[in-house]
Amino acid sequence: MRFLKDDRIKTVVQVGSTAGTLGLHFVSGTVVGLVIGYYLDKWLGTEPWMTMIWALLGIMAGFKMVFEDVRKLQMREEARKKQQQGSLKQENGEHDA
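Only a predicted model underlies this, so the values are computations on that prediction, with no experimental measurement involved. Along each chain, numbering runs from 1 in the same order as the chain's sequence is written. The predicted nature of this model means local features are confined to residues of pLDDT at least 70 and side-chain atom pairs, given and counted, to a pLDDT of 80 or more, with totals for whole chains, interfaces and linings taken over all residues. Just so you know, side-chain values use all the structure's heavy atoms and leave hydrogens and water out.

For the rest of this paragraph, the subject is the layout of surface pockets. One way to see where empty space is left: roll a probe the size of a water molecule over the atoms. In this analysis a 1.4 Å probe is tested at points of a 1 Å grid over the protein atoms alone, and where it fits but cannot get out there is a cavity; an open set with protein on both sides within 12 Å along at least five of seven lines is a pocket; lining residues have an atom within 4 Å of a point. Grid points are joined across faces, edges and corners, and a volume is the space filled by probe spheres set on the points. A volume near 420 Å³ is recorded for the largest pocket. Every residue lining the largest pocket is counted, 12 residues in all, and those nearest its centre are Lys10, Thr11, Gln14, Glu77 and Arg80. In this count, Pro and Cys sit with the nonpolar residues alongside Ala, Val, Leu, Ile, Met, Phe, Trp and Tyr, while Asp, Glu, Lys and Arg are called charged and the others, Gly among them, polar. The class makeup of the residues in the lining of the largest pocket is two nonpolar, four polar and six charged.

The following block contains the structure:
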């Protein structure tokens with residue numbers, strides 16, 4: 001496989017890995033919440049309350065992790081754009097004062 005000069009393959013892989021990570025974070029938060037709630041219900045005999053409460057906490061934690069990942073992705077993209085603009089200025093002979 002030949003690597004392209006404009007790094008399209010690298011971009012596709014990064015986007016795919018980020019999307020996979022977002023999905024895993026959301027699902028893992030929910031599953032962990034469900035498991036904790038299930039075992040607390042069995043231990044305390046409070047079925048189905050702990051499962052519902054911890055499932056909601058897991059879903060909220062999953063949303064929080066997804067939100068943080070999206071913010072990091074946006075910051076990385078902004079930094080990349082600034083870096084590209086800086087390199088374009090240098091190519092054109094412009095320098096920041």
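Further remarks concern a nonpolar patch on the surface. Residues enter patches when they are more than 30% accessible in relative terms and free of salt bridges; like-charged ones are connected within 9 Å and nonpolar ones (Val, Leu, Ile, Met, Phe, Trp, Tyr) within 5 Å. For accessible areas, the Shrake-Rupley method is used with a probe of radius 1.4 Å. Any residue's cover is judged against the shown protein chains and nothing else. Here, a salt bridge means any Lys or Arg side-chain nitrogen found within 4 Å of an Asp or Glu carboxyl oxygen. Taken together, the side chains of Val27, Val31, Val35, Tyr38 and Tyr39 define a hydrophobic patch exposed on the protein surface, amounting to about 480 Å² of accessible area. One can find Val27 in helix α1 (residues 8-44). For helices the rule is a DSSP run of H or I covering at least 4 residues; for strands it is a run of E covering at least 2, with both sets numbered from the N terminus onward.

Following Glu47, the chain continues to Pro48 via a peptide bond in cis, the omega torsion being -5°. Within the fold, Pro48 resides in the loop between α1 and α2 (49-91).

Before going further, it helps to examine the side chain of Asp69. With respect to the helices and strands, Asp69 occurs in helix α2. No salt bridge is formed by the buried Asp69, whose closest oppositely charged neighbour, Lys72, lies at an N-O distance of 4.6 Å. Here, residues are in contact when the closest pair of their heavy atoms is within 4.5 Å. Among residues more than four places away in sequence, those in contact with Asp69 are Thr21, Leu22 and His25. Relative accessibility under 20% of the residue-type maximum defines a buried residue, over 50% an exposed one, and the middle range a partly exposed one, all with a 1.4 Å probe and only protein chains included. Positive charge is attributed to Lys and Arg, negative charge to Asp and Glu, and no charge count is given to His or to the chain ends.

Right, let's talk about the packing of aromatic side chains for a bit. The geometry of two aromatic rings is summed up by the distance between their centres and the angle between their planes. Here a Phe, Tyr or Trp ring, Trp counted by its six-membered ring, pairs with any other such ring whose centre lies within 6.5 Å, and the pair is stacked when the planes are under 30 degrees apart, edge-to-face when over 60, and tilted otherwise. Evaluated as defined, the whole model comprises two aromatic pairs. Look at Phe26 and Phe63: their rings are 4.9 Å apart centre to centre, the planes differ by 65°, and that puts the pair in the edge-to-face class. Of this pair, Phe26 sits in helix α1 while Phe63 sits in helix α2; the two residues are 37 residues apart in sequence, bridging distant segments of the chain. Residue class for Phe26 comes out partly exposed when judged on its relative accessible area of 29%. For Phe63, a relative accessible area of 53% translates into the label exposed.

These results come straight from atomic positions and should not be treated as a statement about function.
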